[in-house]
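# Descriptive analysis of the structure
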Amino acid sequence: MPRSGREVILGIGGGIAAYKACDLLRRLQDAGFLVTVVPTPAALNFVGSATWEALSGRRVYSQVWENVPDVAHVALAEKANYILIAPATADLIARLAHGRADDLLTNVVLASDVPKILVPAMHPNMWRNQATQANVTTLRSRGFHIIDPDIGRLTGPDSGVGRFPETGRILKEFYELIGYLDDLKGKRILVTAGGTREAIDPVRYIGNRSSGKQGFAIAQAAIARGAEVHLIAANCNLPDIPGVAMTSVESASELERALAREFPSADALIMCAAVADARPVQTSDRKIKKEFLTEISLVANPDLLASLKASKKPGQRIIGFAAETQDLESNATVKLTGKGLDLIYVNDVSQGAIFGSDFTSGIIIDKTGPLLTLDNVSKDTLAHVLLDQLLRQIG
Ligand code: C5P
């Protein structure tokens, strides 16, 4: 299977700004990146492994002599899509410029061919020193991207050039470098979220456990990447997303009408909503007395995706979702074909709760077969990975 496209190695050099990289790690995760932290041994004097492991949810090593059977430097280098080193100290920059491999991070950098971005932070005298400047020039000439340090207050009483930039600036430059900002500009993305409710009477309904979190995460990710986003939300108790146009629906037939209105002008539909398979044949407009509530006759709801298949225009893309407990791949492939989908994400619900959780495990499948397997990633990450795959298809 190919790399997820969102694996970042966050290298931490041994400077006081290491504590600010905790926030950077969090913001990268919010943007759907999967982050492995590789601190230098010196960096652990400022922020310890426990903090990095707790924040990243992944094991943290700093030496090649730890975790030897996994050959960690090669495994990490092969998995990574980007290496971001923040803070990069004068010593780390010098070691990188000389091709040294005396800790895990420098080994990973040497073994990897992906974009490498450095965020230097140090005292102004060290930054301006000819040796550091020569090393930075060498690294630039070898394709490293250097995010210039800020000018401002330093750790001690003095100030000058060498301050670790604010997280927002690092992310902005990082996103620009990797072409992530606004990569969905000009695209109209329609997302459905939540679960439909089919009224029995004014009080009771047939519903399901879908929280809407996944659909909201997709709408949030798409708007952050510059798309025009319309979200059709079925019974979601979640805050509005600034900039996202929203339609609230309750039942499958309301969802069907909203889709008929919005789908024709969309470049892509991401159909996260869990549609009730059936609805009561009749809805009582008065509360049914409990002694008469012994039987409810049902009629099947139409398959909304399957009905959209006929009206799909060339160039439009549809992503569907499935929840399965077994034979994930074969069951999802049948749905992909039957519903005329371009991609399907099949949730592995065999381990219990996905509904309402912030995490998900499953497989992304297209007409050629399985593309990616995701293991316990955040719904934000899945949102971005799906948008990456969509972008690959719509160009
Ligand atoms: O058939 P199943 O319900 O497992 O398929 C799930 C996918 O089909 C989801 O994307 C869901 O939104 C969509 N669906 C639909 N109409 C239905 C049932 C499901 O569009 N009646």
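Residues numbered from 1 in each chain as written. Predicted model: local features only at pLDDT ≥ 70, side-chain atom pairs only at ≥ 80, totals over all residues. Heavy atoms only, no water.

## Notes on the site of the ligand
- Around the ligand, the neighbouring residues are Met271, Ala273, Val275, Pro302, Asp303, Leu304, Leu305, Gly320, Phe321, Lys335 and Lys339.
- One nitrogen or oxygen atom from the main chain of leucine 304 is found 2.9 Å from a nitrogen atom belonging to the ligand.
- Contact distances for the ligand include 2.9 Å between an oxygen atom and a backbone N or O atom of leucine 305.
- In the complex, 84% of the free accessible area of the ligand, which totals 450 Å², lies under the protein chains.
- Those elements giving two or more residues to the shell around the ligand turn out to be α11 (304-308) and β16 (317-324).
- Across the shell around the ligand, the residue classes tally to 7 nonpolar, 1 polar and 3 charged. (Near = heavy atom within 4 Å. Polar contact = N/O pair within 3.5 Å; in protein donor to acceptor, adjacent residues only side chain to side chain. Areas by Shrake-Rupley, 256 points an atom, 1.4 Å probe, with all protein chains shown as cover. Helix = DSSP H or I, 4+ residues; strand = E, 2+ residues; numbered from the N terminus. Nonpolar A, V, L, I, M, F, W, Y, C, P; charged D, E, K, R; others polar.)

## A look at the packing of aromatic side chains
- Within this structure, the stated rule accounts for 5 aromatic pairs.
- Ring centres 6.1 Å apart and planes at 45 degrees place the aromatic pair phenylalanine 174 and tyrosine 175 in the tilted group. Both residues of the pair, phenylalanine 174 and tyrosine 175, belong to the buried class.
- Counting every residue linked through ring pairs, the aromatic cluster contains Phe33, Tyr82, Phe174 and Tyr175.
- Between the NZ or CZ atom of arginine 6 and the centre of the ring of phenylalanine 33, over which it lies, the distance is 4.3 Å.
- A cation over an aromatic ring shows up here: lysine 116 above the ring of phenylalanine 144, its NZ or CZ 5.9 Å from the ring centre. (Phe/Tyr/Trp six-rings, centres within 6.5 Å; stacked < 30°, edge-to-face > 60°. Buried < 20%, exposed > 50% of the residue type's maximum accessible area, 1.4 Å probe, protein only. Lys NZ or Arg CZ within 6 Å of the ring centre and 35° of its normal.)

## As for the pairing of strand β4 (residues 116-120)
- Across the 5 residues of β4, 5 count as buried, placing the element largely inside the fold.
- The two faces of β4 match: Lys116, Leu118 and Pro120 on one face and Ile117 and Val119 on the other face are all buried.
- Summarising the sheet, strand β3 (residues 82-88) and β4 pair through 4 bridges and their orientation is parallel. Across the sheet, residue alanine 88 finds its bridge partner in β4, namely proline 120.
- Relative to strand β5 (residues 145-146), β4 is paired through 2 bridges, and the arrangement is parallel. Within β5, the position partnered with leucine 118 by the bridge is isoleucine 146. (Pairing = 2+ DSSP bridges.)

## Concerning the sheet that holds strand β8 (residues 188-194)
- Ordered by their spatial adjacency, 8 strands build an open sheet running β12-β11-β8-β13-β16-β17-β18-β19, and the pairing between neighbours is mixed. Each edge of the open sheet carries a strand with a single partner, namely β12 (245-249) and β19 (369-378). With strand direction ignored, the average angle separating the axes of adjacent strands in the sheet is 15 degrees.
- Sheet topology note: the β8/strand β13 (residues 268-271) ladder contains 4 bridges and is parallel. Bridge pairing links leucine 190 to leucine 269 in β13.
- The strands touched by helix α12 (residues 328-338) are β16, β17 (343-348), β18 (359-366) and β19; relative to β17, the strand with the most contacts, the crossing angle is about 145 degrees. (Axes fitted to C-alpha atoms, helices over the stretch in contact; angles between N-to-C directions. Contact = heavy atoms within 4.5 Å.)

## Describing the nonpolar core
- One finds Phe321 and Ile364 to be the most contacted residues of the largest nonpolar core, which totals 38 residues.
- Within the residue set of this core, elements represented by two or more residues are β8, α9 (213-224), β11 (228-234), β13, β16, β17, β19 and α13 (379-394).
- A total of 8 residues in this core trace back to one element, the largest contributor, which is α13.
- Filtering out sequence-adjacent residues up to four positions away, phenylalanine 321 remains in contact with Gln214, Ile218, Ile270, Met271, Cys272, Ile344, Tyr345, Asn347, Leu382 and Leu386.
- Ranked by size, the runner-up nonpolar core spans 33 residues in total, among them Leu24, Leu55, Ala86 and Ile170. (Core = buried A, V, L, I, M, F, W, Y, C linked by side-chain atoms within 4.5 Å.)

## So, the sheet that holds strand β1 (residues 7-12)
- Pairing within the open sheet is parallel, and its 5 strands lie in the order β2-β1-β3-β4-β5. Either end of the sheet is taken by a strand with one partner, and the two such strands are β2 (34-39) and β5.

## Thoughts on the domain arrangement of the protein
- For the protein, the domain assignment lists domain 1 (7-178) and domain 2 (188-394).
- Spacing between the C-alpha centres of domain 1 and domain 2 amounts to 39 Å.
- Taken together, the contact pairs 6 residues of domain 1 with 4 residues of domain 2.
- Of the roughly 350 Å² buried at the junction of domain 1 and domain 2 (both faces included), carbon and sulfur atoms supply 57%.
- Across the domain 1-domain 2 interface, the total number found is 0 salt bridges.
- On the surface where domain 1 and domain 2 come into contact, there are 2 residue pairs in polar contact (both at pLDDT 80 or more).
- Looking at the side of domain 1 that touches domain 2 residue by residue, the class counts come to 3 nonpolar, 2 polar and 1 charged. (Domains from an automatic or database assignment. Buried area = accessible area lost by both parts, 1.4 Å probe. Salt bridge = Lys/Arg side-chain N within 4 Å of Asp/Glu carboxyl O.)

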